[in-house]
Amino acid sequence: DMDPSLTLSQMAALPWDELEAYFKKYLVRGQVRQAFALLQEAVRKGHELPPQQTYDFAQQLLTLGHTDEAFALLRQLAAKGHGPSALALGEMYDPRLWSKERSPFSRANARQADKWYRRALAQGSVAARARLDELARWQQEHEDLGDKGF
């Protein structure tokens, strides 16, 4: 069980397998914000978070409605070259996919979606090419309608 005498900072300094056990216990207990804070502290302490596990956690956060935390993790991963994370960031901005349940932003932004899809493509995401093509079609349709709100 969790050692109640350990601070978040002390947990974050543990070897990854022990730190991950605390992280998972937070998740099982529904303490999503504490789990996220532990990951952020671990990064500050120099841990390299496993990309796929971190990405999966970000997707869980999105499903649970914790869009700000998901965005922060995805952004960290994308900055380190993780294509699926850059793709997910593009989807948060994409006017065709945007929803307040899946995005921390108050409205869509096609230019930001385009930027992140291009980064995802450069990072090896095959799906990014289709997203870019779909977004370009959407932008063309809205330009044809005189809609400049993107």
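The structure contained in this document is the topic of the report that follows. (Residues numbered from 1 in each chain as written. Predicted model: local features only at pLDDT ≥ 70, side-chain atom pairs only at ≥ 80, totals over all residues. Heavy atoms only, no water.)

### Thoughts on the packing of helix α5 (residues 67-79) against helix α6 (residues 83-93)
Piece 1. With their axes 8 Å apart at the nearest point, α5 and α6 run at an angle of 140° to one another. On the basis of their axis angle, the class for α5 and α6 is oblique. Handedness of the crossing formed by α5 with α6: left-handed. Here α5 contributes T67, A70, F71, L74, R75, L77 and A78 to the contact with α6, which in turn contributes S85, A86, A88, L89, M92 and Y93.
Piece 2. Residue composition of the contact of α5 with α6, grouped by class: 10 nonpolar, 2 polar and 1 charged. (Axes fitted to C-alpha atoms, helices over the stretch in contact; angles between N-to-C directions. Helix = DSSP H or I, 4+ residues; strand = E, 2+ residues; numbered from the N terminus. Parallel < 35°, antiparallel > 145°, perpendicular 65-115°, else oblique. Left-handed = near helix turned anticlockwise from the far one by under 90°. Contact = heavy atoms within 4.5 Å. Nonpolar A, V, L, I, M, F, W, Y, C, P; charged D, E, K, R; others polar.)

### Describing the nonpolar core
Note on soluble globular proteins: their nonpolar side chains tend to be buried together.
Piece 1. The biggest cluster of nonpolar side chains holds 41 residues, and the ones touching the most others in it are L38, F57, L61, L73, L74, L89 and M92.
Piece 2. Every element with two or more residues in this core is listed here: α1 (8-12), α2 (16-28), α3 (32-44), α4 (51-63), α5, α6, α7 (110-122) and α8 (127-144).
Piece 3. Those residues in contact with L74 that lie beyond four places of it in its chain are Y55, A58, Q59, S85, A88, L89 and M92. (Core = buried A, V, L, I, M, F, W, Y, C linked by side-chain atoms within 4.5 Å. Buried < 20%, exposed > 50% of the residue type's maximum accessible area, 1.4 Å probe, protein only.)

### Examining the environment of R111
Piece 1. One can find R111 in helix α7.
Piece 2. It is 9.4 Å that separates the C-alpha atoms of R111 and G90, two residues lying 21 residues apart in sequence.

### A word on the environment of A127
Piece 1. The topology assignment puts A127 in helix α8.
Piece 2. On the basis of relative accessibility, which here comes to 40%, the residue A127 falls in the partly exposed class.
Piece 3. Note: C-alpha distance between A127 and L87 (40 residues apart in sequence) is 7.8 Å.

### Things to note about the packing of aromatic side chains
Piece 1. Going through the model one piece at a time under the given rule, you end up with 3 aromatic pairs.
Piece 2. Ring geometry for F23 versus F57: centroids 4.7 Å apart, planes at 85°, classification edge-to-face. Of the two residues, F23 sits in helix α2 while F57 sits in helix α4, which places them 34 residues apart along the sequence. As far as the burial class goes, F23 and F57 line up, both buried.
Piece 3. Aromatic side chains F71 and F105 sit 5.2 Å apart centroid to centroid with 90° between the ring planes, which places their arrangement in the edge-to-face category. Taken together, the residues F71 in helix α5 and F105 in the loop between α6 and α7 connect sequence positions 34 residues apart. (Phe/Tyr/Trp six-rings, centres within 6.5 Å; stacked < 30°, edge-to-face > 60°.)

Function cannot be inferred from these measures alone, as they are strictly geometric.
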